[in-house]
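# A closer look at the structure
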Amino acid sequence: MPGYELFGAEERKEVTDVLETGILMRYGFDGPRNGIWKAKELESGLQERFNSPYVQLVSSGTAALTTAMAALGIGAGDEIIMPSFTFVASFEAVLSVGAVPVLVEIDESLTPDPAAVAAAITPKTKAIMPVHMCGSMARMDELKALCTEHNLLLIEDACQAIGGTYKGKMLGTIGDAGTFSFDFVKTITCAEGGAVLTPNEDVWKKCDEYSDHGHDHLGKDRGADLHPYLGYNFRISELHAAVGLAQLRKLDDFLALQKRNQGLVWNELKKVNGLTFRDLPDPEGDTGAFISFFLPTELQAREAVAGFAAAGLGGNFYWYDNNWHYIRKWEHLKNGAWMHRLHEDHKKAVLHYVNQPFPQSDAIMGRCISSSVSLLWTEAEARERGQKMAAVLEQVLAGVNEPA
Ligand SMILES: *Cc1c(COP(=O)(O)O)cnc(C)c1O
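Parameters and conventions
Residues numbered from 1 in each chain as written. Predicted model: local features only at pLDDT ≥ 70, side-chain atom pairs only at ≥ 80, totals over all residues. Heavy atoms only, no water. Helix = DSSP H or I, 4+ residues; strand = E, 2+ residues; numbered from the N terminus. Rg over C-alpha atoms; globule rule 2.2 N^0.38 Å. Buried < 20%, exposed > 50% of the residue type's maximum accessible area, 1.4 Å probe, protein only. Contact = heavy atoms within 4.5 Å. Areas by Shrake-Rupley, 256 points an atom, 1.4 Å probe, with all protein chains shown as cover. Lys, Arg positive; Asp, Glu negative; His and termini not counted. Charge placed at Lys NZ, Arg CZ, Asp CG, Glu CD. Axes fitted to C-alpha atoms, helices over the stretch in contact; angles between N-to-C directions. Parallel < 35°, antiparallel > 145°, perpendicular 65-115°, else oblique. Left-handed = near helix turned anticlockwise from the far one by under 90°. Nonpolar A, V, L, I, M, F, W, Y, C, P; charged D, E, K, R; others polar. Disulfide = S-S within 2.5 Å. Expected span 1.5 Å × (residues − 1). Arc of directions from axis to C-beta. Near = heavy atom within 4 Å. Polar contact = N/O pair within 3.5 Å; in protein donor to acceptor, adjacent residues only side chain to side chain. Core = buried A, V, L, I, M, F, W, Y, C linked by side-chain atoms within 4.5 Å.

## A look at the overall build of the chain
Counting its secondary structure elements, the chain contains 13 helices and 13 strands. Whereas a compact globule of 404 residues would reach a radius of gyration of roughly 22 Å, the chain reaches 22 Å, a difference of no more than 12%. Principal-axis analysis of the C-alpha atoms gives the chain an extent of 75 × 55 × 40 Å. Expressed as a percentage of its 404 residues, the buried residues of the chain come to 56%. Contacts spanning at least 24 positions in sequence make up 68% of the contacts within the chain whose residues lie at least 6 apart. Total accessible area on the chain stands at roughly 16700 Å², and carbon and sulfur atoms take up 54% of it. Where the 37 positive side-chain charges of the chain centre and where its 53 negative ones centre are 2 Å apart.

## Digging into the environment of Phe180
With respect to the secondary-structure elements, Phe180 resides in strand S8 (residues 177-181). Since its relative accessible area comes to 0%, Phe180 is described here as buried. For the pair Phe180 and Lys38, spaced 142 residues apart in the sequence, the C-alpha separation amounts to 18 Å. Not counting residues within four places of it along the chain, the set of residues in contact with Phe180 comprises Phe50, Gly61, Ala64, Ala158, Cys159, Ile162, Leu171, Gly194, Ala195 and Leu197.

## Looking at the packing of helix H1 (residues 9-21) against helix H8 (residues 238-269)
Across the interface, H1 lies against H8 with an axial gap of 8 Å and an inter-helix angle of 150°. Between H1 and H8, the angle is such that the two are roughly antiparallel. Between H1 and H8 the crossing geometry is right-handed. Contact with H1, carried on its side by Glu10, Glu11, Glu14, Val15, Val18 and Leu19, involves Glu238, Leu239, Ala242, Val243, Leu245, Ala246, Gln247, Arg249 and Lys250 of H8 and no other residues of that element. When the residues that make up the contact of H1 with H8 are grouped by side-chain class, the tally is eight nonpolar, one polar and six charged.

## Remarks on the state of the cysteines
If you walk through the whole model with that rule in mind, you get zero disulfides. Cys134 forms no disulfide, and the closest cysteine sulfur to it belongs to Cys368, at a distance of 7.3 Å. The exposure class of Cys134 is buried, given its relative accessible area of 2%. Here Cys207 stays free of any disulfide, with the sulfur of Cys159 as its closest cysteine sulfur at 13 Å. Look at Cys207 and you get buried, because its relative accessible area is 0%.

## Considerations on H1
Counted at 1.5 Å a residue, the expected span for H1 with its 13 residues is 18 Å, and the 19 Å between its end C-alpha atoms agrees. All of the buried residues along H1 are Glu11, Glu14, Val15, Asp17 and Val18. End-on, the buried residues of H1 take up no more than an arc of 140°, which puts them together on one face. Turned more than 90 degrees off the buried face of H1, the exposed positions are Ala9, Leu19 and Glu20. Where H1 is buried, its residues contact helix H2 (38-49) and H8. One or two positions beyond H1, positive phi appears at Gly22, with a value near 75°.

## Focus: the site of the ligand
Taken together, 14 residues surround the ligand, and among them Gly61, Thr62, Ser181, Asp183 and Lys186 come closest. Contacts to the ligand include Gly61, whose backbone N or O atom sits 2.7 Å from an oxygen atom. Contact distances for the ligand include 2.7 Å between an oxygen atom and a side-chain N or O atom of Ser181. With the chains in place, 94% of the 380 Å² that the ligand exposes on its own is no longer accessible. In terms of residue class, the shell around the ligand is built from four nonpolar, seven polar and three charged.

## Considerations on unusual backbone geometry
If you check the backbone angles, Cys134 has positive phi at about 50° while not being a glycine. Relative to the elements of secondary structure, Cys134 occurs in the loop between strand S4 (125-128) and helix H6 (140-150). Even without being glycine, Asn151 reaches a positive phi, approximately 55°. Within the secondary structure, Asn151 sits in the loop between H6 and strand S5 (153-157).

## Details of the nonpolar core
Of all hydrophobic cores here, the largest spans 96 residues; its most connected members are Ile74 and Phe293. Beyond its immediate chain neighbours, meaning those up to four positions away, Phe293 contacts Leu269, Leu275, Thr276, Phe277, Arg278, Phe308, Arg367, Cys368, Ile369, Ser371, Met389 and Leu393. In terms of nonpolar packing, the next biggest core, distinct from the first, is built from 23 residues, Phe180, Ala195, Leu251 and Leu375 among them.

Now the structure itself:
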């Protein structure tokens with residue numbers, strides 16, 4: 001999955017270009033920067049590679065989500081429908097603009113169940129925000145149809161699915177806005193960074209302004225810029241953008257390696273009787289970052305996790321117990337542990353939605369393991385990993401470790 005595994009001379013060269021001019025900021029200093037504009041160059045590169053009319057770089061994936069929501073006019077009183085399985089940043093961004101995250105059940109695609117989304121729509125719903133988790137896509141046709149029917153915005157959290165597609169379209173470019181994260185463990189990294197992709201010029205312009213204190217970037221220098229809106233500082237630096245530029249050029253190699261290694265592991269796991277796999281709405285569009293599979297019971301999933309650890313097989317994630325990715329362990333959210341005071345109505349609405357039971361998601365996540373795919377494995381290593389995993393799974397499924 002992570003681009004940091006193949007960091008090297010290309011990244012160092014791009015960073016050195018910036019260090020030689022000493023202009024570490026993405027705006028202004030036109031003379032001394034000597035024609036070096038890494039953030040601008042990365043934005044055009046992303047536009048081209050992802051076939052997205054407008055791209056705004058920001059300082060993180062979380063900032064990208066917040067910026068996209070602000071630019072789409074999401075705020076107080078609005079409800080945003082999102083899955084119970086995601087990374088905490090998805091709801092942090094919703095809360096940061098004063099809106100209410102409405103968590104819904106996922107299905108075996110590990111993304112929002114369209115029936116649960118439909119049932120959660122109220123007159124306050126402003127947007128549906130699917131999260132393309134673990135390198136694969138949400139059920140975009142069904143979610144898009146719901147957005148059209150109810151006149152809702154569609155925001156894709158594509159932070160974990162850079163380079164994935166759905167029916168030929170790049171993930172992140174299907175909705176009104178999509179977001180990428182380039183944090184240290186994502187498919188390509190800037191160390192820290194993120195991007196908003198949008199087909200809408202007005203939304204992009206607002207992202208450009210919001211992420212830089214509202215500057216319109218039309219003045220002859222920064223002091224002469226006007227401020228049509230209030231904003232924030234979510235700027236990316238030239239050093240971070242430089243790393244991302246080198247990584248973007250390697251993205252297609254990363255994806256090819258990832259898919260090759262995923263395929264080799266998968267071939268072995270497919271031979272295991274009784275194991276089932278994540279439902280992929282468009283298998284062609286998977287990025288190869290993970291293989292997610294289900295054991296018949298939660299007990300067997302726990303035994304498999306323990307078995308992998310005992311066999312020295314790292315990178316197998318049991319999200320059900322993970323503090324970052326699944327509602328079950330988001331105690332800080334469920335208890336409303338805000339550092340600052342919230343409007344009582346806002347707080348009440350948030351706590352109401354996040355404290356609902358999620359029996360369907362529990363039944364899926366309790367049996368699910370996601371196995372991450374490394375870019376560094378040789379073909380032989382990938383095959384061997386698959387065989388070792390299969391051996392552990394076969395033992396678990398044969399009931400060898402089942403208590404009497
Ligand atoms: C990583 C991630 C984010 C946030 O990205 P940061 O760059 O770490 O802020 C948002 N959503 C999902 C699903 C992620 O995995």
